[in-house]
Amino acid sequence: NGEKKLWYSVLQVLGEGGDRTAMAKTVGLPLAMGVETFLEGESQGVGAVVPFEKSWYQPILHKLENQGIVFREYLG
């Protein structure tokens, strides 16, 4: 219907010290999960694949959620 909507996506992560820093959680974990997704054959596509494909980001988001890392979305 042409109506414009504004969405907010919020991610808040606190580090725990040592090797569990916020940076490690939000960069290192998704990278490792991407490799795991590839090695387990959960993803689709061959060659260079943009990570915006659902077969890539859905398993990783699910694994991140299991680690307590989630995006909260709000309609503004």
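Residues numbered from 1 in each chain as written. Predicted model: local features only at pLDDT ≥ 70, side-chain atom pairs only at ≥ 80, totals over all residues. Heavy atoms only, no water.

(A) View of a nonpolar patch on the surface. Residues Leu6, Tyr8, Val10 and Tyr74 make up a contiguous nonpolar surface patch of roughly 400 Å² in combined accessible area. Of note, Tyr8 is situated in strand S1 (residues 7-10). Assessed through its relative accessible area of 45%, Tyr8 is described here as partly exposed. (Patch = residues over 30% accessible without salt bridge, like charges linked within 9 Å, V, L, I, M, F, W, Y side chains within 5 Å. Areas by Shrake-Rupley, 256 points an atom, 1.4 Å probe, with all protein chains shown as cover. Salt bridge = Lys/Arg side-chain N within 4 Å of Asp/Glu carboxyl O. Helix = DSSP H or I, 4+ residues; strand = E, 2+ residues; numbered from the N terminus. Buried < 20%, exposed > 50% of the residue type's maximum accessible area, 1.4 Å probe, protein only.)

(B) Spatial organisation of the nonpolar core. Among the nonpolar cores identified, the biggest contains six residues, and these are Leu29, Met33, Trp56, Ile60, Leu64 and Ile69. Sorting the residues of this core by element identifies helix H1 (22-39) and helix H2 (54-66) as the ones contributing at least two each. Looking at this core, the element that brings in the most residues is H2, giving three residues. Here Met33 is in contact with Ile60, Lys63, Leu64 and Gln67, once residues within four sequence places are set aside. (Core = buried A, V, L, I, M, F, W, Y, C linked by side-chain atoms within 4.5 Å. Contact = heavy atoms within 4.5 Å.)

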